[in-house]
Amino acid sequence: MDELPATQTSVLQVRNLTTRFRTRTADVYAVNGVSFDLKPGELLGVVGESGSGKSVTMMSLLGLLPSPPAMVQGDSVMFDGIDLLRCTPEQLRQIRGARIGFIFQDPMTSLNPVFTVGFQIMEPLREHMGLSGTAARKRAQELLELVGIPDAERRLTDFPHQFSGGMRQRVMIAIALACDPKVLIADEPTTALDVTIQAQILELVRELRTKLGMAIVWITHDLGVIAGIADRAMVLYGGQVVEMAPVAELFARPLHPYTRALLKTVPRLKGPRAAKLEVIEGQPPIIKAPPAACAFRARCSVAMERCSRENPLRRPVGPEHEVACFWDASTGTAHHA
Amino acid sequence: MLDATISTGNATPAAGGGSTTKTPPLVQVRDLKMYFPFYKGLLRRHAGDIKAVDGISFEIPAGETLGLVGESGCGKTTAGRALLRLYEPTSGKVMINGHDVMALEPEALRRIRPTMQMVFQDPQASLNPRMTVAAIIGEPLLEHTRMNSVERRERIYELLDQVGLNRNFANRYPHEFSGGQRQRIGIARALALNPKFIVCDEPIAALDVSIQAQVVNLLEMLQRRLGLTYLFISHDLSMVRHIANRVAVMYLGRIVELSDRDSLYADPKHPYSQALLSAVPEPDPQSESRRQRIVLTGDVPSPANPPKGCAFSTRCSHVMAHCRVAAPALTEIAPGRQVACHLFTNNHTTAEPTAAH
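Owing to the predicted nature of the structure, the values given are computational and were not obtained by experimental measurement. (Residues numbered from 1 in each chain as written. Chains lettered and ligands numbered in written order. Predicted model: local features only at pLDDT ≥ 70, side-chain atom pairs only at ≥ 80, totals over all residues.)

Draft legend 1. Highlighting the overall build of chain B. Counting its regular elements, chain B contains 12 helices and 12 strands. What you see for chain B is a C-alpha radius of gyration of 22 Å, in line with the 21 Å of a compact globule of 357 residues. With respect to the principal axes defined by its C-alpha atoms, chain B has extents near 70 × 65 × 40 Å. Per-residue burial for chain B yields a buried fraction of 45% across its 357 residues. Considering only contacts within chain B whose residues lie at least 6 apart along the sequence, 66% involve residues at least 24 apart. (Helix = DSSP H or I, 4+ residues; strand = E, 2+ residues; numbered from the N terminus. Rg over C-alpha atoms; globule rule 2.2 N^0.38 Å. Buried ≥ 20, exposed ≤ 12 C-beta atoms within 10 Å, placed from the backbone. Contact = placed C-beta atoms within 7 Å.)

Here's what the structure looks like:
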């Protein structure tokens, strides 16, 4: 759907990814033509509310969704010279957990309670890197030290329930980093944590990025986390990328009505207090047909007649800044394209 | 551009931090304790207590909102439930609207229940999936009033209007609603009996960002219109700054700081409040990159085995020898500001040189 220049340098290049779920009553269009590039070493923030398609996008491109009900289509998802959409399940299995690492939201449900933490860190090392028992053990200990778990050697024999929430998320990060991935996908990794523990994990990720240099996709609904950690951000609504920009630019000059409304609706810790919070009326949509109109139009304050006729394409509005909207925020009028 | 839209300042009704003491308190809590015993061994010997709430005191003037903040496990939810006597508290005194809640016999307690209500965190779990919206909202009316079915239906419609739900939804079931709408149903149920005091236990934590503002605006509008008093329990410090007049910060079962909202956010005194506020990420890349963060080491200690002295001493960067011996009491350090920290009492010695880790 979107035309982006094919850059040789991207580690991950997604083109026109579409995912729908077949349910008994209707098809639900969860991801509708998502395209983006992930550059080496960058941290790309993916922002959106529940149902915006942020997790489904990432799970689709790695073949993590059971089919049926999921149907994943697209032009291409290029990673390391391979098109992930055309890989066999076995080929994908080789890539996941090895060259692409994951961290999920809830560290308690994503760790197996009946195996020791050491076993779970060593699993990908044995599986993907063919390390022997002692070598895997040594590497596992290094990984726990890397993510800042004190007394790493002894903790390898502990079970997940013996770790606190923050420590468990550190273990998850250690597992994700086990095979030196080129890309790390983090799906709301700090949402289940308290703010002071979240601050610890964010600090750890900042440190690990400079040390290891992998590219990271960070999915979150928290604009504050994005502001503090990401280089670029991509805003999803109704399964589409509505705005994409470097982080400083996105917060200083948000151009999509949804991004603008979202930034206004969050109360701040400092500065003047609003008497009444700005509200985005209505609910996020559940899309049951291929989108032929703007998904945000029903909640949009500047919606025009054209918005219900046509689905706006993403267009460049500044350096690396793209927005999918017919309205021109700089002039306050309709954009003629 | 963004700033221009949020510059209306302190114009919230019933706000204005300084004027809080004029109205008599509707809610008074004195030294509330809620211990959960735990047992060990073959004979199930009483091995100790988890001191979920360990002696907290506060007041809420009528028509105001007290924010109760803290991280998971600090006892904020337990405190909210204990003061409504949803749990049987270990000790303490709670006065709500002139009633000594802790001293009441079950039947007398039941009679005053209408004045004090609760809105729960998870609207999915707190609404019976087999009851229609009308039945859910109407249940307290059935239980506590002598309304006939026509009057009840009228009242249900009135409540649906108040929380901004369509009257035609009355015969639908909770699963047919979105999270925000379910929370509106929960609020309508809490309002059914014309309460004076509502404990809102993380009412927006399970909702999407764009829906949170809708629910908070609704709570504020209802407060203005019906003169409600809220205890707003939350871990979202930005939202508490928006809704509360006064804020209590809890750590491991105790209130470590209790202050009017503006002073707390401008100048937090307790080292834990400082760390907590500095840990909240702000949606502003410029200030985020310049920000001096206080990153606490370690985790919250177990309430079954709290540290000796000040509970925060294991993570505090200002810790002194004295802190590991005696727990500081909540003391007034300025009008309307109370802090429980030895840094603000006179009898402290010099800082322990090796302490900062």
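Draft legend 2. Looking closely at the sheet that holds strand β1 (residues 25-40) of chain B. All names here are of chain B. Read from one edge to the other, the open sheet built from 4 strands follows the order β2-β1-β4-β5, with strand pairing classed as antiparallel. This sheet does not close on itself; its edge strands, each paired only once, are β2 (45-61) and β5 (99-100). Relative to strand β4 (residues 91-96), β1 is paired through 5 bridges, and the arrangement is antiparallel. From the neighbouring strand, V27 faces β4, where its bridge partner is I96. Of the strands in this sheet, β1, β2 and β4 are in contact with helix α2 (residues 76-83), which crosses β1 at around 115°. (Pairing = 2+ DSSP bridges. Axes fitted to C-alpha atoms, helices over the stretch in contact; angles between N-to-C directions.)

Draft legend 3. Highlighting the interface of chain B and chain A. Every contact between the two is made by 41 residues of chain B and, on the other side, 39 residues of chain A. Of all elements in the fold, only α1 (2-5), α8 (209-226), α9 (237-243), α11 (271-279) and α12 (285-290) of chain B reach the threshold of two or more residues within the side of chain B that touches chain A. Considering every element that reaches the side of chain B that touches chain A, the biggest residue donor is α8(B), with 6 residues. When its residues are assigned to classes, the side of chain B that touches chain A shows 19 nonpolar, 14 polar and 8 charged. (Nonpolar A, V, L, I, M, F, W, Y, C, P; charged D, E, K, R; others polar.)

Draft legend 4. Quick peek at the pairing of strand β3 (residues 43-47) of chain A. Residue and element names in this part refer to chain A. Counted residue by residue, β3 has 5 buried out of 5 residues, so it is predominantly covered. The two faces of β3 match: L43, G45 and V47 on one face and L44 and V46 on the other face are all buried. Note: β3 against strand β9 (residues 215-220), 5 bridges, orientation parallel. Among the inter-strand pairings, V47 is bridged to a residue of β9, identified as T220. As defined by bridge partners, β3 adjoins strand β10 (residues 232-237) across 4 bridges and the pair is classed as parallel. Note on β10: the bridge partner recorded for L44 is R232.

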